[in-house]
Amino acid sequence: MVKKLVTQIYNERGSNFGLLLELLVVSVVLWYVVDNLYCRYVTYTQPMGINIEHCYSISLGELKPEANGYVTYTQKDEERHADVWNLLNRISHRPEVEAAAVASFNSVPYSLGNSNTIFSYDTLKQSVRRLEASSDYFRVFRIQGGRGEKPEQLAELMETGQFMLSANVLDKYDLDVTSLIGKDNFHLYGNLDRNNRLSGTFQPIRPNEYVELNSDDSKSIFFIMGQSALYLGDSDCFVVRVRADQDHDFIERLTADAAKDLKEGNIYISNVQSIEDMKRVRLQEKDQETMLFVFGMGFLLLNIFLGLLGTFWFRTQQRKCEIALHLVHGATRGDVFCRLLCEGLYLVAMVTPLAVIVDINLAYNELNAIHGGLYLELGRFLVCVGISVLSIVVMMFVGIWIPARKAMQIQPAEALHGE
């Protein structure tokens, strides 16, 4: 049967050339589309490094001198600082609060702020995102350690430590920063005269779902904002995790209490936001862009599907007489369908190596999607080629099966009557 099919395909090379060319173009376009969708999906579903469920951001305000209840500080920085920590302590002792921390605005997930700094180790330099908060920040967002430490253990380490790094900061140098814990020859802010000791590492934290895990934006350094510090910025805020079984109307309850007496000195609660809501606002534009992209790719795939389906449908319908002859000569319907399907599979098999060569050249020339800094990855390439070939086979199967099924229901004599 194989020899007969190959002979038939060769004898019909004139009509098959157009189909082979169409299959080649469709295969390359399908791979390109699938590769783009695959990269976006993998990026979106990578671990975030933080858990924001039941988490809230609490913005702070400070009374002006002309406001009622204004307290005149004799030592402004120290007293203001104490008021902030006293207010944090009161909030952390509320029965519905599981953990609370003070954090710089740039350290709040899905905030619009960002702050970078540079650290160096030996001759290696790396720009990283700066996170600054009190130690319970790890408990609030349930951040895991680079060596499997629990959030509580990371919080304890930072109580007496200097700084921590995300576990991916030196990946581009093929160096595991976790192996450098305890080393004291790190330099911060470009200051080569002072050595700093690495207290620990934590799992990489992505700023949002559209940032890749190994990008520079996902490499971060954590500094402790301890109670001994003398200054807290005007944009600093509290981040809290509410117990899951008590996370209902938290914003309303806290706001109501803040309006009564939940303040310290001149420091008061000015706004409470769910970090889930902050995420929706921050990602709204990106989500819309992604939806438009997916709809566009879906429309393109639909056109490819209908075009290829129509091609095999029309091709099979035109062969009613051939199907009738096979039935007259004693072939079963299963034999006929198997022959038609195998012919289609051979055509796909013939064009796939050429399509793969074109795909590799597109990736080599960096004309496809980039992921992890790479345009061509063996695993990703094989998955995307496999999905595109499987899609073509499914389209071909439907395009052959439906018209062939109808053709085989016609009596052979009727199908051959015109001949």
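Heads up: the structure comes first, above all this text.
Description of the structure in this document.

Here is what the cut-offs are and how they apply
Residues numbered from 1 in each chain as written. Predicted model: local features only at pLDDT ≥ 70, side-chain atom pairs only at ≥ 80, totals over all residues. Heavy atoms only, no water. Buried < 20%, exposed > 50% of the residue type's maximum accessible area, 1.4 Å probe, protein only. Helix = DSSP H or I, 4+ residues; strand = E, 2+ residues; numbered from the N terminus. Arc of directions from axis to C-beta. Contact = heavy atoms within 4.5 Å. Expected span 1.5 Å × (residues − 1). Salt bridge = Lys/Arg side-chain N within 4 Å of Asp/Glu carboxyl O. Core = buried A, V, L, I, M, F, W, Y, C linked by side-chain atoms within 4.5 Å. Pairing = 2+ DSSP bridges.

## Description of helix α6 (residues 250-260)
Piece 1. Among the residues of α6, those classed as buried are Phe 250, Leu 254 and Ala 258. In an axial view of α6, the angular spread of the buried residues amounts to 60°, which keeps them on one side of the axis. Seen from the buried face of α6, the exposed residues on the opposite side, beyond 90 degrees, are Glu 252, Ala 259 and Lys 260.
Piece 2. Contacts from the buried residues of α6 go to β1 (55-62), β2 (97-103), β9 (237-242) and β11 (267-274).

## Concerning helix α3 (residues 76-92)
Piece 1. Taking 1.5 Å of rise per residue, 17 residues should cover 24 Å, and α3 covers 24 Å from first to last C-alpha, within 8% of that figure.
Piece 2. Along its buried surface, α3 packs onto β1, β2, β9, β10 (263-264) and β11.

## Quick look at the pattern of salt bridges
Piece 1. Summed over all chains, the structure comprises 15 salt bridges.
Piece 2. In this structure, Glu 96 and Arg 253 form a salt bridge, with 3.5 Å as the shortest nitrogen-oxygen distance. Remark: Arg 253 occurs in helix α6 and Glu 96 occurs in the loop between α3 and β2; sequence separation between them is 157 residues.
Piece 3. When the shortest N-O distance is used, the salt bridge between Lys 279 and Glu 209 registers 3.1 Å. A residue pair is termed long-range when its members are at least 10 positions apart, and Lys 279 in helix α7 (residues 275-317) and Glu 209 in the loop between β7 (198-202) and β8 (220-224) qualify at 70 residues.
Piece 4. Given the relative accessible area of 22%, Lys 279 is considered partly exposed.

## Focus: the nonpolar core
Piece 1. Grouped together as the largest cluster of nonpolar side chains are 27 residues, with contacts concentrated most on Tyr 137, Phe 141, Ile 143 and Phe 222.
Piece 2. Look past the residues within four positions of Tyr 137 in its chain and what remains in contact with it is Ala 101, Ala 103, Ser 107, Pro 109, Leu 131, Ile 143, Phe 222 and Val 239.
Piece 3. If you look at the next biggest cluster of nonpolar residues, it comprises 26 residues, including Leu 19, Val 351, Cys 384 and Ile 400.

## Focus on the environment of Asp 217
Piece 1. Here Asp 217 is to be found in the loop between β7 and β8.
Piece 2. Assessed through its relative accessible area of 38%, Asp 217 is described here as partly exposed.
Piece 3. Sequence separation between Asp 217 and Arg 206 is 11 residues, and the spatial gap between their C-alpha atoms is 7.1 Å.

## What about the pairing of β1?
Piece 1. With 6 of 8 residues buried, β1 is to be regarded as a mostly interior element.
Piece 2. Looking at chain direction, β1 and β9 are connected through 5 bridges and run antiparallel. From the neighbouring strand, Cys 55 faces β9, where its bridge partner is Arg 241.
Piece 3. As judged from the 7 bridges shared by β1 and β11, these two strands associate in the antiparallel manner. Bridge pairing links Ser 57 to Gln 273 in β11.

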